[in-house]
Amino acid sequence: MPCPPKSDDLVFFVNGRKVIERNVDPEVTLLSFLRKNLRLTGTKYACGRGGCGACTVMVSKRDPLSAKIRHFSITACLVPICSLYGAAVTTVEGVGSINTRLHPVQERIAKSHGTQCGFCTPGMVMSMYTLLRNHPQPSEEQLLEALGGNLCRCTGYRPILASGRTFCVICTELFAEDEFQPLDPTQELIFPPELLRMAEKPEKQTLIFRGERVTWISPGTLKDLLELKAKHPEAPLISGNTSLGPAMKSQGHFYPILLSPARISELSMVSKTSDGLTIGAGCSLAQVKDILAERVSELPEEKTQTYRALLKHLRSLAGQQIRNMASLGGHIISRHCYSDLNPILAVGNATLNLISEEGTRQIPLNEHFLAGLASVDLKPEEILESVYIPHSQKWEFVSAFRQAQCQQNALADVNAGMRVVLKEGTDTIKDLSIAYGGVGAATVSAQKSCQQLVGRPWNELMLEEACRLLLEEVSLPGWAPGGKVEFKRTLVVSFFFKFYLEVLQELKKLVKFMPDSHHYPEISDQFLSALEDFPITGSQGVQRYQRVDSHQSLQDPVGRPIMHLSGLKHATGEAIFCDDIPMVDRELFMVLVTSTRAHAKIISVDLSQALDLPGVIDVITAEDIPGTNGTEDDKLMAVDEVLCVGHIICAVVAETELQAKSATEKIKITYEDLEPVIITINDAIKHNSFLCPEKKLEQGNVEEAFEKVDQIVEGEVHVGGQEHFYMETQRVLVIPKTEDKELDIYVSTQDPAHVQKTVSSTLNIPINRITCHVKRVGGGFGGKVGRPAVFGAIAAVGAIKTGHPIRLVLDRKDDMLITGGRHPLFGKYKVGFMNNGRIKALDIECFVNGGCMLDDSELVTEFLILKLENAYKIRNLRFRGRACMTNLPSNTAFRGFGFPQGTLITESCITAVAAKCGLLPEKIREKNMYKTVDKTIYKQAFSPETLIRCWNECLDKSSFHSRRMQVEEFNKKNYWKKKGMAIIPMKFSVGFAATSYHQAAALVHIYTDGSVLVTHGGNELGQGIHTKMLQVASRELNIPMSSLHICETSTATVPNTIATAASIGSDVNGRAVQNACQILLKRLEPIIKKNPEGTWEDWIEAAFEQRISLSATGYFRGYKAFMDWEKGEGDPFPYYVYGAACSEVEVDCLTGAHKKIRTDIVMDACCSLNPAIDIGQVEGSFIQGMGLYTTEELKYSPEGVLYSRGPDEYKIPTIADVPEEFNVSLLPSSQTPPTIYSSKGLGESGMFLGSSVFFAITDAVAAARRERDTVEDFTVRSPATPEWVRMACADRFTEMIPRDDPKTFRPWSIPIA
Ligand SMILES: Cc1cc2nc3c(=O)[nH]c(=O)nc-3n(C[C@H](O)[C@H](O)[C@H](O)COP(=O)(O)OP(=O)(O)OC[C@H]3O[C@@H](n4cnc5c(N)ncnc54)[C@H](O)[C@@H]3O)c2cc1C
Ligand code: FES
Ligand code: FES
């Protein structure tokens, strides 16, 4: 077949406009094309791996078989642009705009308060929009399915789901129908007629797109495809690119020729026969799901066992976008060890229909194929045409099992397909097949065990024998990659036990219809709970807050649930984030090069090969820094020594991102390893390696008190770290100006003044030449307080050296590797108490893993110690804390600043005391809580009245006591599922413990048309600070919010600002805005007095005429806050936020999974400035806290390499993780704190309330352990992952598994806390 020499034109449509790309590069993804070529920046980059949904767009294609238009969501970061030939792409910009017409999806997500930072919002909009294009009135299940692949780090999902629910068949939300514009499907963009014509008469000729390095070939016929495959046997078939794409990106796989089967309709054929189903290899997994569902509805149950097992896994496999993209063929051929479908297809006796120029042949999809044995594999010139899956028969039972870190959008730790055929009417095993995923390099078949069990009756004895055989055959070494070895071994047998019960249950049903048949073992009622899996359900709930006083003027927005100012722009993609700023003239891209060693001397850095590459302009090293290279202890770039894997060594500057990235691989660094390498807290203690002196607080006489108590318990608590996982990674754009060494810096930061100062000292130029601009930040959570200054400074050095603007955008894996996160903690406690539960003495010593540099570690340790007592009055206390120096990236500020980790120790003490006293934990909490006006351990006076109100209301609103009884009843009746409940009180101190940190300033200009520009020192991180500031200005100036505007935060308008952090931003900046407005009003007073009937515009005009300045700076001197650590006394915090949360969960003791049944939160917001925003902060931080305590787990190698560097390995909560019932109440005000309009800052406090889920899980685990007579005490370890839960629910299966002597192997990962 002759190949045309030149490249074909790529034709597709974007938002109704035709795109013709000549000389298209097959390596370009749709995301990059949209953002860079078409300047459609609504579609965001957040992970680049298909795992977060931020880049979701809709693709529409005409299906050649059904002749219908198919709309489906995809993640643009994995879609090669060449795959879009003949497709129509719709991005968020094509859906609606604030300038023309908003789409109902966009309007509703904003008005339901479903956006905070807004970085995830376009992706959410596109997932919902695509759903509505297919189902204008979707079901709740469809809605959840559509959003399962979209992550949000801010909102906690509840409001997003609420907005989607307004479209559902049954909408139970409290929205009036007339509140939103209706959905009118006739208004949507039509499928372009030109594409329809092209699809109806498809051209059969082969299309070729030639790039610099890669050629994309898309044949029009099967014959041509087979010919091409014979000619290029090494070329992969690129279907969904969800397997090839990530491998090419992260493992550096490179293929010069890619063959696209997209236009071959034969690969999408489906044929039904009387004995089975044949599905084309080109069908997407979403299509496979529909095909199977249809078949299940048509056939009798006994024939669809395999189909139903596949359907079960297809519901939780990845997110909807990936299921839309990934093909059945690609899935099977990839043979991933975690494949959810291959184990089922293998036990279900599926056959692969292969085709090549030579003809067709069939091979079984069995263990040999899955193990990649050459003799039973595809030949290089063959392709997979289709897969045949036979029907199941009567007396045949097929099941599927999977356990992952969380329920949806997470790769399974272990999965399995199991099938048994019994001799008709008996319990004798005729045939048995079992295959597991996740326990080896490929899907593993337990063939030998199965053979040995044939002929055995399906009873307890067989179960015992099967478990023994399976553990022998499916063996995992202690060092196995992926870790969790004992958990995986346990799942191997736990799954089989579930299968055993499931088959018995099915037999019971069969027997009902056959009275004379064989007698089968009965399942005791207590065991029935092992059979049910937790369904994926949406969250419902009520949000309560205090309405404003009826006398408040209608125009006064304070206290009202005003929508986030940028909400609609977030939803239309028109909100501009740092990397959305168009490319500036002569701009270059920077990529960082970091250490691969944890502790080493740098012997040499060879840049020559990198500098020779095309497009590479320079490599920036510490030697290029004109000023200071950070501080002695915290260098911007390593000089002679590296202190952690991820330590920045140098930075490549090139014309494009791709060129810069390629060049980083060519930089040769030689190291000489240094000793010691300290990774864990234990290592640091052993080596006496600390970042700062011990912090200590003490009251009473602890030793004496221990002598007088009835009982003493000692224990340990381990709390893992946490990655910020802001959706917008760190990014900065530095633009050097030609005059006076000025620099404009656009940066995603919580602290622009710190960036400005650091750049100034790095470049050795005065601060006044540098202007930092922050329009908005796509989530910060503390992670953008300190680190952006490092990136800003390095980029600025690059800008000065090259004279070009520099853009630095960290990709997700670098961001996770370099930036550090929440400090992991190890705590030891000794608590002395009376038999009635009264705690008399508490001694806590804790250590945090600070990483290799000081950063905020000393402050975090101080805060941790100050806050450890939480809500409890204990007369004799000793709290000690130290920050360990280790060879890990420096840990830093994170929402809650030590409180969420530290207080877990205090609450664990309470649980331990309760267990020893035989009392319920809530009783111990109540007994020891502050009751009257008192002083904290650091002698700050406070009244706990609100704390007690929160606690009582939470008990009441959650119907705690009656539900506690129901939980106990449930636990008595169910052996394999246990419920748990916990209610946790909270006293959270707001603000920084230093007076100078509480100042704030604002600048308010009134223009001659009456419009007002407000600027202040706070940064918009999604927390709605700008919205609140305009609410303040509107009240003060008595003008509507529509007359007010905030443009950006800039160091040129408000200088010397403090980081927006510590929950105090809106408060202190609000006071500054108030001050500026009051100054202006004062100036206007004589004019208003003279013309009281005049309008605002009249007064402003008059003021201008009279030469009255219409611009004022407002200033707030801040609260006095101090702490004397010598004396252990102080007034470190301006005020406290109180709260309580009650959570109920159910755990599956066999798998470790849990379901969150209900959470009730009562939070003291006093007089909320904006209840919608404040409830958003409470919900969002609660879910983030829940992630910390349940699923978010950072994995490190013993050499200090972070494995978890993306959404695949690090699981933040998804929409399926929100409690089924989630109620939040803001407690009506009863105090008048010295804050702006008596409001309170709620940014961080909700984080700790997530621990109520943790304690509910441990409560359930404790119930299981009591029933199984396992010793009561267990070490508290957070997060309470399925692995932890399963292993803590010790039983006959955990006892069966082989255990390794830890001294005999080097584990894959080590705990660092
Ligand atoms: C974010 C994310 C989450 C995921 N979650 C899960 C999960 O929970 N569970 C799970 O099981 N999997 C999961 N996966 C993996 C996913 O199922 C596979 O990547 C996918 O099925 C591969 O299909 P594809 O069409 O994209 O393959 P491609 O990447 O296009 O191709 C993969 C391989 O298959 C070959 N190939 C493709 N079609 C044919 C054919 N017809 N004949 C011969 N060879 C062919 C190609 O040559 C290539 O080698 C996830 C993937 C991502 C990106
Ligand atoms: S950026 Fe594409 S899925 Fe995350
Ligand atoms: S609003 Fe969803 S990530 Fe910020």
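Keep in mind it's a predicted model, so treat the numbers as computed, not measured. (Residues numbered from 1 in each chain as written. Chains lettered and ligands numbered in written order. Predicted model: local features only at pLDDT ≥ 70, side-chain atom pairs only at ≥ 80, totals over all residues. Heavy atoms only, no water.)

Regarding the overall build of the protein
- Along its length, the protein carries 39 helices and 47 strands.
- Computed over C-alpha atoms, the radius of gyration of the protein comes to 31 Å, within 12% of the 34 Å expected from 2.2 N^0.38 for 1313 residues, which places it in the range of a compact globule.
- Each principal axis of the C-alpha atoms in the protein carries an extent, and together these give about 95 × 80 × 70 Å.
- Counting all 1313 residues of the protein, 64% fall into the buried class.
- Contacts spanning at least 24 positions in sequence make up 78% of the contacts within the protein whose residues lie at least 6 apart.
- For the protein, the computed accessible surface area is about 47500 Å², with 51% contributed by carbon and sulfur atoms.
- Within the protein, the 156 negative side-chain charges are centred at a point lying 2 Å from the centre of the 140 positive side-chain charges. (Helix = DSSP H or I, 4+ residues; strand = E, 2+ residues; numbered from the N terminus. Rg over C-alpha atoms; globule rule 2.2 N^0.38 Å. Buried < 20%, exposed > 50% of the residue type's maximum accessible area, 1.4 Å probe, protein only. Contact = heavy atoms within 4.5 Å. Areas by Shrake-Rupley, 256 points an atom, 1.4 Å probe, with all protein chains shown as cover. Lys, Arg positive; Asp, Glu negative; His and termini not counted. Charge placed at Lys NZ, Arg CZ, Asp CG, Glu CD.)

Notes on the site of ligand 1
- In the vicinity of ligand 1 there are 33 residues, among which Ser239, Thr242, Leu244, Ser327 and Asp340 approach most closely.
- Contacts to ligand 1 include Asn241, whose backbone N or O atom sits 2.9 Å from an oxygen atom.
- Here an oxygen atom of ligand 1 and a backbone polar atom of Ala318 are 3.2 Å apart.
- Burial of ligand 1 by the protein amounts to 92% of the accessible area it has alone, namely 980 Å². (Near = heavy atom within 4 Å. Polar contact = N/O pair within 3.5 Å; in protein donor to acceptor, adjacent residues only side chain to side chain.)

Focus: helix 4 (residues 121-134)
- With 14 residues, helix 4 extends 20 Å between its outermost C-alpha atoms, agreeing within 8% with the 20 Å of an ideal straight helix rising 1.5 Å per residue.
- Of all 14 residues in helix 4, 12 are buried; the element is thus mostly enclosed.
- Those residues of helix 4 not exposed but buried are Thr121, Pro122, Gly123, Met124, Val125, Met126, Ser127, Met128, Tyr129, Thr130, Leu131 and Leu132. (Expected span 1.5 Å × (residues − 1).)

What to know about the sheet that holds strand 30 (residues 806-809)
- Strand order in the open sheet formed by 8 strands is 21-23-19-30-27-28-29-40, with mixed pairing between adjacent strands. Whereas interior strands pair on both sides, the edge strands pair on one side only; in this sheet they are strand 21 (616-620) and strand 40 (1049-1050).
- The sheet contact formed by strand 21 and strand 23 (residues 648-654) spans 4 bridges and is antiparallel. When the sheet's bridge partners are listed, Asp618 is paired in strand 23 with Val653. (Pairing = 2+ DSSP bridges.)

Considerations on a positive patch on the surface
- On the surface, a cluster of positive charge is made up of Arg838, Lys840, Arg875, Lys927 and Lys931.
- Taking relative accessible area as the criterion, Lys840 reaches 37% and is therefore assigned partly exposed. (Patch = residues over 30% accessible without salt bridge, like charges linked within 9 Å, V, L, I, M, F, W, Y side chains within 5 Å. Salt bridge = Lys/Arg side-chain N within 4 Å of Asp/Glu carboxyl O.)

A few points about the environment of Asp1217
- When you line up the elements, Asp1217 lands in the loop between helix 35 (1171-1190) and strand 46 (1221-1227).
- Here Asp1217 falls in the buried class, since its relative accessible area comes to 6%.
- Measuring from C-alpha to C-alpha, the distance between Asp1217 and Ile536 comes to 8.5 Å, with 681 residues separating the pair along the chain.
- Not counting residues up to four positions away in its chain, the partners in contact with Asp1217 are Cys406, Gln407, Lys1156, Met1186 and Ile1212.

Thoughts on the pattern of salt bridges
- All chains considered together, the criterion is met by 82 salt bridges.
- Measuring nitrogen to oxygen at the nearest pair gives 2.9 Å for the salt bridge that ties Arg1286 to Asp1291.
- Classification of Asp1291 by relative accessible area gives buried; the value is 6%.
- Each of Arg35, Lys44, Asp579, Asp580, Glu587 and Arg807 takes part in a single network of salt bridges with overlapping partners.

Quick look at unusual backbone geometry
- Cis geometry is found at the peptide bond from Glu675 to Pro676, where omega equals -10°.
- Cis geometry marks the peptide bond from Ser1278 to Pro1279; its omega dihedral reads 5°.
- With respect to the helices, strands and loops of the structure, Pro1279 is situated in the loop between strand 47 (1276-1278) and helix 38 (1282-1288).
- Despite not being glycine, Arg335 shows a phi value in the positive range, around 50°.
- Relative to the assigned elements, Arg335 resides in the loop between helix 13 (328-334) and helix 14 (342-347).
- The backbone of Asp740 sits at a positive phi, close to 55°, despite the residue not being glycine.
- With respect to the element layout, Asp740 can be found in the loop between strand 27 (731-736) and strand 28 (743-747).

A few points about the sheet that holds strand 41 (residues 1111-1116)
- Across the sheet, 4 strands lie side by side as 39-38-37-41; this open sheet has mixed pairing. Of all the strands in the sheet, the pair left with one neighbour each is strand 39 (1044-1046) and strand 41. Sheet twist, expressed as the mean angle between neighbouring strand axes with direction ignored, is 25°.
- Running over the sheet, helix 32 (residues 1025-1037) touches strand 38 (1012-1016) and strand 39 and is turned about 150° from strand 39.
- Helix-sheet contacts for helix 33 (residues 1065-1090) involve strand 37 (1000-1006), strand 38 and strand 41, and the interaxial angle to strand 41 is about 140°. (Axes fitted to C-alpha atoms, helices over the stretch in contact; angles between N-to-C directions.)

Examining the packing of aromatic side chains
- Taken as a whole and assessed by the stated rule, the structure comprises 33 aromatic pairs.
- Both rings, one in Tyr1203 and one in Trp1308, keep their centres 3.8 Å apart while their planes meet at 5°; by these two values the pair is stacked. Note that Tyr1203 is positioned in the loop between helix 35 and strand 46 and Trp1308 in the segment after helix 39 (1292-1296), a separation of 105 residues in sequence.
- Tyr1203 sits in the partly exposed class, given a relative accessible area of 27%.
- Here the aromatic cluster, defined as three or more aromatic residues joined through ring pairs, consists of Phe401, Trp458, Phe495, Phe496, Phe499 and Tyr500.
- Geometry around Tyr726 places Lys784 over its ring, the cationic atom sitting 4.5 Å from the centre.
- The residue whose ring lies beneath Arg1268 is Tyr975, and the NZ or CZ to ring-centre distance is 4.1 Å. (Phe/Tyr/Trp six-rings, centres within 6.5 Å; stacked < 30°, edge-to-face > 60°. Lys NZ or Arg CZ within 6 Å of the ring centre and 35° of its normal.)

Concerning the packing of helix 33 against helix 34 (residues 1096-1105)
- Put simply, helix 33 and helix 34 touch, their axes get as near as 10 Å, and they point 115° apart. With respect to each other, helix 33 and helix 34 are oriented roughly perpendicular. Here helix 33 runs over helix 34; the crossing is right-handed. Mapping the contact onto sequence places Leu1084, Ile1087 and Ile1088 in helix 33 and Trp1096, Trp1099, Ile1100, Ala1102 and Ala1103 in helix 34. (Parallel < 35°, antiparallel > 145°, perpendicular 65-115°, else oblique. Left-handed = near helix turned anticlockwise from the far one by under 90°.)

A closer look at the side chain of Ser1050
- Within the secondary structure layout, Ser1050 lies in strand 40.
- Classification of Ser1050 by relative accessible area gives buried; the value is 5%.
- Side-chain polar atoms of Ser1050 contact the backbone nitrogen of Ala1052, separated by 2.9 Å.
- Residue contacts for Ser1050: discarding those within four places in its chain leaves Thr771, Cys772 and His773.

Some points on the packing of helix 10 (residues 285-298) against helix 11 (residues 305-316)
- Contact pair helix 10 / helix 11: the axes reach a minimum separation of 10 Å and the direction vectors enclose 140°. Put simply, helix 10 runs oblique to helix 11. Relative to helix 11, helix 10 is oriented so that their crossing is left-handed. In this structure, helix 10 contributes Leu285, Val288, Lys289, Leu292, Ala293, Arg295 and Val296 to the contact, and helix 11 contributes Tyr307, Arg308, Leu310, Leu311, Leu314 and Arg315.

Focus on the environment of Val14
- Of note, Val14 is situated in strand 1 (residues 10-14).
- Accessibility expressed as a relative area gives 5% for Val14, which makes it buried.

Notes on helix 6 (residues 158-165)
- By the criterion of burial, helix 6 is predominantly enclosed, with 8 of the 8 residues buried.
- Of the surrounding elements, those touching the buried residues of helix 6 are helix 3 (104-111), helix 4, helix 5 (140-147), strand 18 (543-544), helix 35 and strand 46.

Points about the state of the cysteines
- Under the definition given, this model contains 0 disulfides.
- Cysteine Cys846 is unpaired, with the sulfur of Cys884 as its nearest cysteine sulfur at 10.0 Å. (Disulfide = S-S within 2.5 Å.)

Quick notes on the nonpolar core
- Counting 289 residues, the largest nonpolar core has Tyr436, Trp458, Phe496 and Ile745 as its most contacted members.
- The greatest single-element share of this core, amounting to 15 residues, is contributed by helix 18 (residues 485-512).
- Apart from residues no more than four positions distant in its own chain, Phe496 is found in contact with Met418, Ile434, Tyr436, Trp458, Met462, Leu463, Ala466 and Leu470.
- Ranked by size, the runner-up nonpolar core spans 72 residues in total, among them Val24, Val57, Val347 and Val387. (Core = buried A, V, L, I, M, F, W, Y, C linked by side-chain atoms within 4.5 Å.)

Remarks on the environment of Val797
- Mapped onto the elements of the fold, Val797 is located in helix 25 (residues 787-802).
- Note: C-alpha distance between Val797 and Ile332 (465 residues apart in sequence) is 49 Å.
- With residues up to four places along the chain from it excluded, the contact list for Val797 reads Ile620, Asp624, Ile625, Thr762 and Leu763.

Section: the side chain of Thr1057
- Relative to the helices and strands, Thr1057 is located in the loop between strand 40 and helix 33.
- What makes Thr1057 buried here is its relative accessible area of 13%.

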